[in-house]
Amino acid sequence: MEAKTEHSLKQVDLSGPQDPESPQMDLETALQECSSALDLFLNNRFSDALALLKPWKDQSMCHAMGYSSILVMQAGMTFDPKDMDAAMTSLKESLQTCARFRKKAGIVETITNFWYQQPADNLTEEEMHAELCYAVVLLQKAALTFLDESIIGFIKGGMRIRNSYQIFKNCQSMANITKNMENQESTHVHFRGGVNMGIGSFNLMLSLLPSRVLRLMEFLGFSGDREVGLSELREGAASNGLYSILSILTLLMFHLYITVILGTGEVNLTESEALLEPYIAKFPNGALFVFYIARIALLKGNFTFAQEKFLACIAAQDEWRQIHHLCYWELMWSYSFEQNWREAYRYADLLCKKSKWSQAVFVFQKAAILSMLPEEEVKTIGENVGDLFRQVEGLRLRFAGKSIPTEKFAAKKAQRYSSPNPVQLVVPALEIMYVWNGFTIVGKRPQLTENILATIEKAEEQLRFDPMNTTSSMITIWCHLQHMSWACFTSRKGILTKPSPCLKISRRATRTTAWSRGYISASMQRSTPLALIPTKPAFHAHQLKRPGARPGVESQELQLKLQLRSKGYRSALSQSHHYFTRLPLYSQRSV
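Residue indices follow the written sequence of each chain, beginning from 1 at its first position. In view of the model being predicted, local features appear only for residues whose pLDDT reaches at least 70, and side-chain atom pairs are presented and counted only at 80 or more, with totals across whole chains, interfaces and linings using the full set of residues. For the side-chain quantities, the full set of heavy atoms in the structure was used; hydrogens and water were omitted.

Draft legend 1. Summary view of the overall build of the protein chain. Secondary structure follows DSSP: runs of H or I at least 4 residues long count as helices, runs of E at least 2 residues long count as strands, and numbering of each begins at the N terminus. Scanning the protein chain from N- to C-terminus turns up 28 helices and two strands. Each residue is placed in one exposure class: buried if its accessible area under a 1.4 Å probe, protein chains only, is under 20% of its type's maximum, exposed if it is over 50%, and partly exposed if it falls in between. Expressed as a percentage of its 591 residues, the buried residues of the protein chain come to 54%. Restricting the contact set of the protein chain to residue pairs at least 6 apart, pairs at least 24 apart contribute 68%. Counting every atom, the protein chain has about 27600 Å² of accessible surface; 55% of that belongs to carbon and sulfur. For this analysis, residues touch if any pair of their heavy atoms sits within 4.5 Å. Every accessible area reported is derived by Shrake-Rupley at a probe size of 1.4 Å, with residue values counting cover from the shown protein chains alone.

Draft legend 2. Examining helix H15 (residues 322-337) more closely. Residue count minus one, scaled by 1.5 Å, sets the expected span of a helix. The terminal C-alpha atoms of H15 lie 23 Å apart, and with 16 residues this matches the ideal 22 Å at 1.5 Å per residue to within 8%. In terms of residue burial, H15 counts as a mostly covered element, since 15 of its 16 residues are buried. Backbone geometry just downstream of H15 places Gln-339 in the positive-phi region, at approximately 60°.

Draft legend 3. Layout of the nonpolar core. Put simply, buried Ala, Val, Leu, Ile, Met, Phe, Trp, Tyr and Cys residues joined by side-chain atoms within 4.5 Å make one nonpolar core. Grouped together as the largest cluster of nonpolar side chains are 160 residues, with contacts concentrated most on Phe-364, Leu-430 and Leu-481. Discounting residues that sit within four places of it in the chain, Phe-364 has contacts with Phe-389, Val-392, Phe-409, Ala-410, Lys-413, Ala-414, Leu-425 and Ile-432.

Draft legend 4. Expanded view of the pattern of salt bridges. Here a salt bridge means any side-chain nitrogen of Lys or Arg lying within 4 Å of a carboxyl oxygen belonging to Asp or Glu. Tallying each qualifying case throughout the model produces 18 salt bridges. Glu-131 serves as the salt-bridge partner of Arg-102, at 3.0 Å between the closest nitrogen and oxygen. Separated by 29 residues along the polypeptide, Arg-102 in the loop between helix H4 (81-101) and helix H5 (107-115) and Glu-131 in helix H6 (residues 125-145) bring together distant segments of the chain. Given the relative accessible area of 18%, Arg-102 is considered buried. According to the relative accessible area criterion, Glu-131 is buried, its value standing at 6%. A salt bridge links Glu-271 to Arg-234, with the nearest nitrogen and oxygen atoms 2.8 Å apart. Placement of Glu-271 in helix H12 (residues 269-282) and of Arg-234 in helix H10 (residues 226-237) is noted, with a sequence separation of 37 residues between them.

Draft legend 5. Summary view of the confidence of the model for the protein chain. Here the protein chain shows a mean pLDDT of 75. Residues at 70 or above account for 71%. The predictor attaches a confidence to each residue, and that confidence, scored 0 to 100, is pLDDT. Confidence drops under pLDDT 50 across residues 1-22; counting only partners more than four residues distant or on other chains, this segment forms 46 contacts. When the criterion is pLDDT under 50, residues 494-591 qualifies, and its contacts beyond four places in sequence or with other chains add up to 185 contacts.

Draft legend 6. How the structure looks around the environment of Met-159. Structurally, the position occupied by Met-159 is in helix H7 (residues 151-177). The exposure class of Met-159 is exposed, given its relative accessible area of 55%.

Draft legend 7. Seen up close, the state of the cysteines. Any pair of cysteine sulfurs within 2.5 Å is marked as a disulfide. Counted under the stated rule, the structure contains zero disulfides. We note that Cys-313 lacks a disulfide partner, and the nearest cysteine sulfur, in Cys-327, lies 3.5 Å from it. Residue Cys-327 is classed as buried on the basis of its relative accessible area, which comes to 0%.

Draft legend 8. Just the environment of Asp-85, in detail. With respect to the helices, strands and loops of the structure, Asp-85 is situated in helix H4. For Asp-85, a relative accessible area of 52% gives the class exposed. Spatially, the C-alpha atoms of Asp-85 and Ala-75 are 8.5 Å apart, while their sequence positions differ by ten residues.

Draft legend 9. Local environment of the side chain of Asn-44. By the secondary structure assignment, Asn-44 is in the loop between helix H1 (27-42) and helix H2 (46-53). The buried category is assigned to Asn-44, whose relative accessible area is 11%. N or O atoms closer than or at 3.5 Å make up a polar contact, with two conditions inside protein: a donor-capable atom paired with an acceptor-capable one, and, for residues adjacent in sequence, both atoms drawn from side chains. A polar contact of 2.8 Å, which involves the side chain of Asn-44, links it to the backbone oxygen of Asn-285. Ignoring anything within four residues of it in the chain, the contact list for Asn-44 reads Asn-285, Gly-286, Ala-287, Ala-316, Gln-317 and Glu-319.

Draft legend 10. Broad picture of the packing of H1 against H2. Axis definition: a line fit to C-alpha positions, over the contact stretch in the case of helices; interaxial angles, taken between N-to-C directions, run 0 to 180 degrees. Where H1 contacts H2, the axes come no closer than 7 Å and their chain directions differ by 165°. On the basis of the axis angle, H1 is roughly antiparallel to H2. In terms of crossing hand, the pair formed by H1 and H2 is left-handed. Together, Glu-33, Cys-34, Ser-36, Ala-37, Leu-40 and Phe-41 of H1 and Phe-46, Asp-48, Ala-49, Leu-52 and Leu-53 of H2 make up the contact between the two elements. Split by residue class, the contact of H1 with H2 holds eight nonpolar, one polar and two charged. Orientation categories follow fixed angle ranges, with anything under 35 degrees roughly parallel, anything over 145 roughly antiparallel, 65 to 115 roughly perpendicular, and all other angles oblique. Definitions for this section: a left-handed crossing has its near helix turned counterclockwise from the far helix by less than a right angle. A right-handed crossing has that turn clockwise. Amino acid classes used here: Ala, Val, Leu, Ile, Met, Phe, Trp, Tyr, Cys and Pro are nonpolar; Asp, Glu, Lys and Arg are charged; the rest, including Gly, are polar.

This is how it looks when you write it as structure tokens:
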């Protein structure tokens, strides 16, 4: 199995072009052949798809676009410099091929289009498709440019994205003009589907930006309307054209990942299943579709079925091993949700050894999972948790001079192990689970939610009597634990009938304490139901003012209360709240 080549670039000769027998191919035949190559790709025959497209990539704009698209996907998954160079070379050649079929513009029109893309009139069907293919390839080149670590690459990528967007807008104008025309050619459905995909993707992705950035982008001529984006993508997905699969994959990514991680809305599993249904019937063993079936099962809380499907996805093909890495990531989380830390460690370790995507995150995840295991079991595995945490800082990546937010979070948390007297992290695996919004998934399984709450409560008890924790670190960690308890409790949405002991309600101080912790705003104090606000009676605000109110309280707990009061109880808890909510992953959450 290991002897097999790792990806298709090593199976297909990417050297000079092979001249086909005929120098010409009409548009309809080109689209049909590209559809056949797409079927091969979706059926896990990646090398065969490349081999089918390669002979015509210098003569057909559709073949050139399809060929470079596969290489770009390959480069994005491997992060291998050779793959990225091969993809960039193919993109440059594809742009030249598409440019030969575009309408030739005069000098004045060329200068005008540099600032604003003017809608073209009287274009042939072939010229319209050339504009669309050119925009798609240009967008892919911009995306690949962003992987360059220089600020110059970032600026070039931005300019190419704007140029691509303007061409898509031009294509949309052409599609609207020809929409109601009679005697449309059979190839026009592919053009219209490509326009839906491009305009929909731009609107949907830009709508995820913060409002201030979005206003700036709209000033520069972009559009970020989420409803328009979803509508265009749904129309493109229903077109049954060459580009419909791209619209479907974009919708699946939005529904099953973006809305979960960023918390921008409810996950639309019904639509996701409907989008997958016809492709599952046609490609029952297609790795992409089996993967998304497993992802839907995971979001439903059916972790056992999801694990089976992820393993089936791994077994479905062995050509693109990076799809295996996606499955390892999901398997790691599915076992983490069940607190099966030994199995979760197994897949975290595989990611550390085989994937190049983000070694800093993978090593941190591996160390965090090991922290949840007993020390005796960690010793039998042969790993040193402290050494793993200390490796995180040196593994960070930078794109366009900027750090990756998740890697920055991991490095910040791992800094505690770099001091001469390191202070251990408490339940770090649950913290990173919260950052990735995993509590909303666990909330589908009430018993697992109870188990996580029990783990947090156990950590609180250990924290109180741990002599290794200083006063300042003890306060910080305790605030984080309380915040995670609240997040875990709200994720179950009142499903459980018997509340956990650490979430008992004291009606006299519930709303006041929740507001002081930053859990609810002042306006919510009167409207939020008491049953949905967790607090811990031992640390209520009114008891901090009178620390001797509870008879028989342990001396260390009493001392902690006094220290919390002297250091500003409300301030400490507010810091914990902002510590999580100011993370880049959470800047867009509506929760």
